[in-house]
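# Remarks on the overall topology
Given next are the chains, with one letter for each unit.
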Amino acid sequence: MNSPAREHISTDIATLNEEKITVRGLDVARDMMGKMDAGQLFYFLVVGRRPDPKQSTLINAMIVSVAEHGMMPSTIAARLTLLGAPESFQGAVASGLLGVGDVFVGTTSNVARLLKIEAAEIEGDDEQRARVIVERYLGTKRRIPGLGHPHHPVDPRAERLFALQEEIGAPTDYARLMRAIHSEACRYRGSHITLNGSAAIGSVALDIGIDWRAVRGIGVVARSIGLVGHILEELNQPAATDIWKMVEDKTIYTGPASD
């Protein structure tokens, strides 16, 4: 049986009237504009309170770290979308954001889930939990989120985020666990595996109090910024037609011949 309709819809995030817009108890014009940057705003909306200076530093660093990575699939998709729909700037951004998933950028949330949910079910210290996780994943030929990278043997973004976390004295519980998993995976494999930027973002985000389910949102916000830059460049220096032509020239038809 269907539940009766509620009389009211509630939200703790925002409201407005003729005079002002209120976001989590703050007046946007008076309390936030000129006083809160984009990273702080993300934290404020997602966590529900203002970040302290350490949290502010790290959330902004995470956004910067993943905003841009060159001609990746998401930026190519955005440029090609603009080619087909030049009137739809926002559609081009949206098409690029659809690629923030389990392979590119969105792996941050998979890292966070691994550390927050899966690791919590395992008893022992970081090394013991890391051993179990690595055996579960690599033992069944599954890839561990946050490990590996096609371009960076050592990911400079991960190195910097972890170093920054230590430098400013922020909590490092989840970061330590992720690094223990990395060490154990390298030992298990007998070879080096990259500890990538997603590993750093997923673990550092947990350490500053972000819900693991919202961690992918860091990549969404960051890549939105990067995509706006690529789309503006596409308008000024078009490349999509050349990309299309390159693909067309390299495509070979292997289906049956027509009569």
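These remarks concern the structure in this document.

What counts, and where the lines are drawn
Counting starts from 1 at the beginning of each chain's written sequence and moves along it residue by residue. Whole-chain, interface and lining totals are the exception, using all residues; otherwise, since this is a predicted model, local features are given only for residues with pLDDT of at least 70 and side-chain atom pairs are given and counted only at 80 or more. The side-chain figures draw on all heavy atoms in the structure; neither hydrogens nor water molecules are used. Going along the chain from the N terminus, every DSSP run of H or I of four or more residues is numbered as a helix, and every run of E of two or more is numbered as a strand. Summary of the burial criterion: residues with accessible area below 20% of their type's maximum are buried, those above 50% are exposed, and those between are partly exposed, where the area comes from a 1.4 Å probe applied to protein chains only. Between two residues, a contact is recorded if the distance between any of their heavy atoms is within 4.5 Å. The criterion for strand pairing is that DSSP finds at least two bridges linking the strands in question. The salt bridge criterion pairs a side-chain nitrogen of Lys or Arg with a carboxyl oxygen of Asp or Glu, the two atoms within 4 Å. The definitions used throughout rest on a 1 Å grid laid over the protein atoms alone, on which a cavity is an enclosed set of points accommodating a 1.4 Å probe that cannot get out and a pocket is an open set flanked by protein within 12 Å on both sides along at least five of seven lines; lining residues are those having an atom within 4 Å of a point. Grid points are joined across faces, edges and corners, and a volume is the space filled by probe spheres set on the points. Charged residues are taken to be Asp, Glu, Lys and Arg, nonpolar residues to be Ala, Val, Leu, Ile, Met, Phe, Trp, Tyr, Cys and Pro, and polar residues to be all remaining types, Gly included. The pairing test for Phe, Tyr and Trp rings, Trp by its six-membered ring, is centres within 6.5 Å, and the orientation test on the planes gives stacked under 30 degrees, edge-to-face over 60, and tilted for anything in between. Two limits define a charge over a ring: the Lys NZ or Arg CZ must be within 6 Å of the ring centre, and within 35 degrees of the ring normal. Helices are assigned an expected span. That span is 1.5 Å times one less than the residue count. Under this definition, polar contacts are N or O atom pairs within 3.5 Å; protein pairs additionally need one hydrogen-donor-capable and one acceptor-capable atom, and for neighbouring residues in sequence, both atoms have to be side-chain atoms.

### Points about the overall build of the protein
- Scanning the protein from terminus to terminus reveals 12 helices and 3 strands.
- Expressed as lengths along the three principal axes of its C-alpha atoms, the size of the protein is roughly 65 × 65 × 55 Å.
- By the burial criterion, 41% of the 259 residues in the protein qualify as buried.
- Long-range contacts, defined here as pairs at least 24 residues apart, represent 69% of the contacts in the protein between residues at least 6 apart.

### Quick word on the sheet that holds strand β1 (residues 14-16)
- Taken in spatial order, the 3 strands line up as β1-β2-β3 in an open sheet, and their pairing is antiparallel. With one partner strand each, in any of the chains shown, β1 and β3 (26-27) form the two edges of the open sheet.
- Across 2 bridges, strand β2 (residues 21-23) lies against β3 in antiparallel orientation. Counted as the bridge partner of valine 23 is leucine 26 from β3.

### Section: the pattern of salt bridges
- In the structure shown here, the tally under the stated rule is 11 salt bridges.
- A salt bridge links glutamate 233 to arginine 79; its shortest N-O distance comes to 2.5 Å. With glutamate 233 in helix α11 (residues 216-236) and arginine 79 in helix α4 (residues 73-84), the pair connects residues that are 154 residues apart, well separated along the chain.
- Judged by relative accessible area, which is 1%, arginine 79 ranks as buried.

### Thoughts on the layout of surface pockets
- Space inside the largest pocket adds up to approximately 460 Å³.
- Forming the walls of the largest pocket are 25 residues, and the residues nearest its centre are Val103, Phe104, Thr107, Asn196 and Ser198.
- Where the lining of the largest pocket is concerned, the elements lending two or more residues are α3 (53-66), α6 (107-118) and α10 (197-207).
- For the lining of the largest pocket, the element with the highest residue contribution is α10, accounting for 3 residues.
- Residues of the lining of the largest pocket, tallied by class, amount to 10 nonpolar, 11 polar and 4 charged.

### Thoughts on the environment of isoleucine 218
- Take isoleucine 218: it is sitting in helix α11.
- With relative accessibility at 1%, the residue isoleucine 218 sits in the buried group.
- Setting aside residues no more than four positions away along its own chain, isoleucine 218 makes contact with Phe42, Ile59, Met62, Ile63, Val66, Ile201, Ala205 and Ile210.

### What about the packing of aromatic side chains?
- Inspection of every chain in the model, using the stated rule, returns 0 aromatic pairs.
- Above the plane of the ring of tyrosine 137 lies arginine 142, whose end atom (NZ or CZ) is 4.1 Å from the centre.
- Sitting above the plane of the phenylalanine 162 ring, arginine 179 keeps its charged end 4.8 Å from the centroid.

### Comments concerning the environment of alanine 205
- Relative to the assigned elements, alanine 205 resides in helix α10.
- In this structure, the C-alpha to C-alpha distance between alanine 205 and alanine 175, residues 30 residues apart in sequence, is 9.2 Å.
- Leave out the neighbours within four places in its chain, and alanine 205 touches Met62, Ala200, Ile210, Val215 and Ile218.

### Let's talk about α4
- A rise of 1.5 Å per residue sets the reference length of α4, with its 12 residues, at 16 Å; its end C-alpha atoms lie 17 Å apart and thus fit the reference within 8%.
- Contacts from the buried residues of α4 go to α5 (89-97), α11 and α12 (240-250).

### Some details on the side chain of serine 109
- Residue position: serine 109 is located in helix α6.
- There is a polar contact of 3.0 Å between the side chain of serine 109 and the side chain of arginine 216.
- Not counting residues up to four positions away in its chain, the partners in contact with serine 109 are Trp212, Val215 and Arg216.

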